[in-house]
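Spelled out from the first residue to the last, the chains are:
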Amino acid sequence: MLITLKAKLLTNTEQYTKLLCSVEEFNKACQFVSDWCFLSRVFAKFEVHKKMYHLIRNKFSLPSQMAVRAIGKVCESYKNSHTRNVKHIFDIRGAIVYDQRNLAIRRFDEISISTLNSRETIKILFGGYESLDIRRVRGQADLYWDKTNKCFYLMIAIDQPEDVSLEVSKYLGVDLGITNIATDSMGEVFSGKEIKTIQNKVSTLKSKLQSVGTHSAKKHLKKLAKKEYRQKTNYNHIISKHIVQKAKTLGVGVKLEDLTHFKRTAKPGVKKLNKAISSWAFAQLRRFIEYKAKIAGVPVALVNPAYSSQTCSKCGHCEKDNRLSQSDFKCLKCGYEANADFNAAVNISRGTSITSSSSDAGLGKTKKAVAVVTKVRTASHFGN
């Protein structure tokens, strides 16, 4: 399967300036093409290329391949007919799409990349938990500028090998919740108390900054939002990795709640509950589990979570009053007592699958989740 690795470019001042000028010129060309496409109502890539390629080369300082990629980026944005009713506006510092003609990964820590007037050799840096095998690099890559950190990142598509899918008869059920982020059917709980304490502090600070409303306050709010997102993403990675490794070790699959319509079940008017429900990235956690399981060869299935928290995992009796509180469950028929989330996780592990996330549809969602910036459409190697 295809995943995306994020690499930081360790540029010097001159390289940084060249890349920034390239990004701005590239997106000016994209806007020029977008304006023409919208007015002329021509969106087919071949037709746009015939009309716009030489105009771009004469009007902008783009090398040949960058001009081609600019046309491709615009045509891709207008690909679906329902997006053509409004003219597409391109951020002056939006991402540049590179391919094997203007980007080469020489070593695991170095790239050769084209700018407007030259080709630069730049060192790259990966996170501590990531590695790069240049033999597995595929397709296109996106260069984007992070305005918060004032640096460039490259999103590189990698062909990640998958283990042979396990043949399983049992599943590890995972119940997702607000107090406990995840609870599995073996009783392990991921509470997230530490990160929730941090989030409460961030939420208080956000309220104060929003009331101020100054430019610096808004700038600080953006930094806080990104910090909070990184914290949630990191914790979701930790949870998903642990669950998948546990399932693989036990030789079982993973069953998750299908929370497609989760927010719609929130009670109208209950502000505190609705805020709590939307405060965690449950969809992201599910996608992380799906793609990690795909790589590990662990089957993942989705089940309907309806009444899983009200049904006794021992006798099957379902009644609303079985759920005494958020944490307590007691069956009114057989007297079985347990943690409510654990009881729900056991029911989920036995639930009938409504869909399998190992299907093509599930894989498509996984690719989108992992490769947020990069859209891979070719299978060719980068140049060596």
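Structure: above.
Residues numbered from 1 in each chain as written. Predicted model: local features only at pLDDT ≥ 70, side-chain atom pairs only at ≥ 80, totals over all residues. Heavy atoms only, no water.

## Here we look at the nonpolar core
Condition: Buried residues of nine kinds, namely Ala, Val, Leu, Ile, Met, Phe, Trp, Tyr and Cys, make up a nonpolar core once their side-chain atoms join them within 4.5 Å. The cut-offs for exposure are 20% and 50% of the maximum accessible area for each residue type, with area from a 1.4 Å probe on protein chains only; residues under the lower value are buried, those over the upper are exposed, and the others partly exposed. Secondary structure elements follow DSSP: runs of H or I no shorter than four residues count as helices, runs of E no shorter than two count as strands, and numbering proceeds from the N terminus. Any pair of residues with heavy atoms lying within 4.5 Å of one another is described as a contacting pair.
Among the nonpolar cores identified, the biggest contains 50 residues, and Leu9, Ile56, Ile111 and Leu143 are the most heavily contacted of them. Examining the composition of this core, we find that eight residues originate from one element, helix α1 (residues 13–40), more than from any other. Look past the residues within four positions of Leu143 in its chain and what remains in contact with it is Leu9, Leu19, Val23, Ala95, Ile96, Tyr98, Ile113, Phe152, Tyr153 and Leu154. If you look at the next biggest cluster of nonpolar residues, it comprises 24 residues, including Ala182, Val254, Leu256 and Ala293.

## A few points about unusual backbone geometry
When glycine is set aside, most residues are seen to have a negative phi, and most peptide bonds are trans. The phi dihedral of Arg41 is positive, around 60°, even though this residue is not glycine. Along the polypeptide, Arg41 turns up in the loop between α1 and α2 (45–59). Residue classification places Arg41 among the partly exposed positions, given a relative accessible area of 42%. Its identity as a non-glycine residue notwithstanding, Tyr307 has a phi of 65°, on the positive side. When you line up the elements, Tyr307 lands in the loop between β12 (300–303) and β13 (328–330).

## Concerning the sheet that holds strand β6 (residues 137–146)
What counts here: Whether two strands pair depends on DSSP finding at least two bridges between them. The axes used here are C-alpha line fits, helices contributing only the stretch in contact, and every angle between their N-to-C directions lies in the interval 0 to 180 degrees.
The seven strands lie next to each other as β2-β6-β7-β1-β5-β4-β3, forming an open sheet whose pairing is antiparallel. The sheet is open, and its two edges are formed by β2 (96–98) and β3 (103–107), each paired on a single side. Taken over all neighbouring pairs, the strand axes of this sheet differ in orientation by 35° on average, direction set aside. Where β3 lies against strand β4 (residues 110–114), four bridges are found, and the strand directions are antiparallel. Across the sheet, Arg107 pairs through a bridge with Glu110, a residue of β4.

## A word on a positive patch on the surface
Note the following rule: Patch criteria: residues need more than 30% relative accessible area and no salt bridge. Like-charged residues are merged within 9 Å; nonpolar side chains of Val, Leu, Ile, Met, Phe, Trp and Tyr are merged within 5 Å. Shrake-Rupley sampling with a 1.4 Å probe provides the accessible areas, and residues are treated as covered by the protein chains on show and by no other component. What makes a salt bridge here is a side-chain nitrogen of Lys or Arg within 4 Å of a carboxyl oxygen of Asp or Glu, nothing more. A residue counts as positive if it is Lys or Arg and as negative if it is Asp or Glu; His and the chain ends are not included. The location of each charge is read from NZ of Lys, CZ of Arg, CG of Asp or CD of Glu.
On the surface, a cluster of positive charge is made up of Lys147, Lys150, Lys218, Lys219, Lys222 and Lys223. Secondary-structure assignment places Lys150 in the loop between β6 and β7 (151–159).

## Some details on the side chain of Gln31
Here Gln31 is to be found in helix α1. Assessed through its relative accessible area of 15%, Gln31 is described here as buried. For Gln31, the contacting residues outside a window of four places in its chain are His88, Ile89 and Phe90.

## Details of the packing of aromatic side chains
The cut-off we apply is this: Only Phe, Tyr and Trp rings take part, Trp by its six-membered ring, and two of them pair if their centres are within 6.5 Å. Stacked means planes under 30 degrees apart, edge-to-face means over 60, and tilted covers everything else.
Going through the model one piece at a time under the given rule, you end up with five aromatic pairs. Seen from their ring centres, Phe288 and Tyr291 are 6.1 Å apart, and the 85° between their planes marks the pair as edge-to-face. With Phe288 and Tyr291 both in helix α7 (residues 282–296) and three residues apart, the pair spans about one turn of that helix. Given a relative accessible area of 7%, Phe288 falls into the buried group.

## Observations concerning the packing of helix α5 (residues 215–250) against α7
Spelled out, the test is: Here roughly perpendicular refers to angles of 65 to 115 degrees, roughly parallel to angles under 35, roughly antiparallel to angles over 145, and oblique to all remaining angles. Here a crossing is called left-handed whenever its near helix is offset anticlockwise from the far helix by less than a right angle, and right-handed whenever the offset is clockwise. The classification used treats Ala, Val, Leu, Ile, Met, Phe, Trp, Tyr, Cys and Pro as nonpolar, Asp, Glu, Lys and Arg as charged, and all other residues, Gly among them, as polar.
Where α5 contacts α7, the axes come no closer than 8 Å and their chain directions differ by 40°. What the angle tells us is that α5 and α7 run oblique. Note that α5 runs across α7; the crossing there is right-handed. Contacts from Tyr229, Lys232, Thr233, Asn236, His237, Ile239, Ser240, Lys241, Ile243, Val244 and Lys248 in α5 reach Gln284, Leu285, Phe288, Ile289, Tyr291, Lys292, Ala293 and Ala296 in α7. Residues of the contact of α5 with α7, tallied by class, amount to ten nonpolar, five polar and four charged.

## Considering the state of the cysteines
To keep it simple, the criterion reads: Counting rule for disulfides: a pair of cysteine sulfur atoms within 2.5 Å.
The tally for this structure, following the rule as stated, stands at zero disulfides. Just so you know, Cys315 is unpaired, no disulfide at all, and the nearest cysteine sulfur is the one on Cys331, 3.6 Å from it. Judged by its relative accessible area of 37%, Cys315 is partly exposed. Sulfur of Cys334: no disulfide; nearest cysteine sulfur belongs to Cys315 and is 3.6 Å away.

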